[in-house]
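Fold and geometry: a report
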Amino acid sequence: MARLEVPRPATFVSLTGFMGVGKSRIGRELARALMLHFIDLDRYIERRTGLSIPDIFRHLGEEAFRRMEKEAVRELVAKDFLVLSLGGGTFVDPENRALLLQRGPVVALWASPETILERATRKPGERPLLQVENPLERIRTLLEARRPIYQEAHVHVSTDGRKVEEVVEEVVEKLWRYAEAKRP
């Protein structure tokens, strides 16, 4: 049977950015638009371990979670026809970042700290890093620390006050530009 060639700018895309910027929602729709599979890294780890991310943090600790995350990234970058939505801290790890940038393209999604707080607190208790007295200040501090790292992504798109379809359309346009720039 002949292989069907679908025109797309990439067959593997990873989405990075801070929690609450819309990686899972945008990723799911981006995968649909590009006719690729979608994997949310946190859900992938939860299915493999049988534990929720908050439970992994609570019972095994962040270090154990980061080890699981690193193992999952190594496994998934070997796949094709995939949109991979990363956890907010996945790209911060230098080893993960190098693998993902090499595999490319990496799309960074951005939102304001206020938008992030509003989105991230819709499901209370699900964001271990925000279980602090002043979550907005925590977001600002972490976002500022991670900004130079997220800046290393190949493509950048803001999700602030925008419809999912609009963001996906911009991501696809920028992925085509990225693909054209990479062509010899």
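About the criteria used
Residues numbered from 1 in each chain as written. Predicted model: local features only at pLDDT ≥ 70, side-chain atom pairs only at ≥ 80, totals over all residues. Heavy atoms only, no water. Helix = DSSP H or I, 4+ residues; strand = E, 2+ residues; numbered from the N terminus. Rg over C-alpha atoms; globule rule 2.2 N^0.38 Å. Buried < 20%, exposed > 50% of the residue type's maximum accessible area, 1.4 Å probe, protein only. Contact = heavy atoms within 4.5 Å. Expected span 1.5 Å × (residues − 1). Arc of directions from axis to C-beta. Pairing = 2+ DSSP bridges. Salt bridge = Lys/Arg side-chain N within 4 Å of Asp/Glu carboxyl O. Axes fitted to C-alpha atoms, helices over the stretch in contact; angles between N-to-C directions.

Quick word on the overall build of the chain
Per the secondary structure count, the chain includes eight helices and five strands. Ordered by position from the N terminus, the helices and strands of the chain form the series β-α-β-α-α-α-β-α-β-α-α-β-α. The C-alpha atoms of the chain give a radius of gyration of 16 Å, which matches the 16 Å a tight globule of 184 residues would have. Principal-axis analysis of the C-alpha atoms gives the chain an extent of 55 × 35 × 25 Å. Split into buried and exposed, the 184 residues of the chain put 47% on the buried side. Taking the intrachain contacts of the chain between residues at least 6 apart in sequence as the baseline, contacts between residues at least 24 apart amount to 71%.

Considerations on helix H8 (residues 164-182)
Across its 19 residues, H8 extends 27 Å between first and last C-alpha, which sits within 8% of the 27 Å expected from 1.5 Å per residue. Buried within H8 are the following residues: Val164, Val167, Val168, Val171, Val172, Leu175, Tyr178 and Ala179. Along the axis of H8, the buried positions cluster into a sector of 135°, meaning they face one direction only. Facing away from the buried side of H8 by more than 90 degrees, the exposed set consists of Glu169, Arg177 and Ala181. Of the surrounding elements, those touching the buried residues of H8 are strand E1 (12-16), helix H1 (23-34), strand E4 (106-110) and strand E5 (155-158).

Here's the deal with the pairing of E5
Of the two faces of E5, the one lined by Val155 and Val157 is fully buried and the one lined by His156 and Ser158 carries no buried residue. With four bridges joining them, E4 and E5 adopt parallel strand pairing. When the sheet's bridge partners are listed, alanine 108 is paired in E5 with histidine 156.

Some words on the pattern of salt bridges
A full pass over the atoms with the stated rule returns 19 salt bridges. Between lysine 70 and glutamate 95 there is a salt bridge, with the nearest N and O atoms lying 3.6 Å from each other. With lysine 70 in helix H4 (residues 62-76) and glutamate 95 in helix H5 (residues 94-103), this residue pair connects regions lying 25 residues apart in the sequence. By sharing partners, the salt bridges in this structure join Lys70, Arg74, Asp93 and Glu95 into a single network.

Things to note about H1
Compared with the 16 Å implied by 1.5 Å per residue over twelve residues, the 16 Å span of H1 between its first and last C-alpha is a close match. Taken together, the buried positions of H1 are Lys23, Ile26, Gly27, Leu30, Ala31 and Leu34. Buried residues of H1, seen end-on, are gathered within an arc of 135° and therefore sit on one face of the element. Residues of H1 that are exposed and point more than 90 degrees away from the buried face comprise Arg25 and Arg32. Lining the buried residues of H1 we find E1, strand E2 (37-40), strand E3 (82-85), E4 and H8.

Notes on the sheet that holds E2
Spatially, E2-E3-E1-E4-E5 is the arrangement adopted by the five strands of the open sheet, whose pairing is parallel. Two strands lie at the open edges of the sheet, namely E2 and E5, each paired on one side alone. Taking each pair of neighbouring strands and ignoring which way they run, the sheet shows an average axis angle of 20°. Packed onto the sheet, helix H2 (residues 41-49) meets E2 and E3 and runs at close to 75° relative to E2.

Considerations on the pairing of E1
A large share of E1 lies buried, amounting to five of its five residues. Alternating positions in E1 separate into two faces, Phe12, Ser14 and Thr16 on one and Val13 and Leu15 on the other, with burial throughout. Relative to E3, E1 is paired through four bridges, and the arrangement is parallel. From the neighbouring strand, serine 14 faces E3, where its bridge partner is leucine 84. Looking at chain direction, E1 and E4 are connected through three bridges and run parallel. Across the sheet, serine 14 pairs through a bridge with valine 106, a residue of E4.

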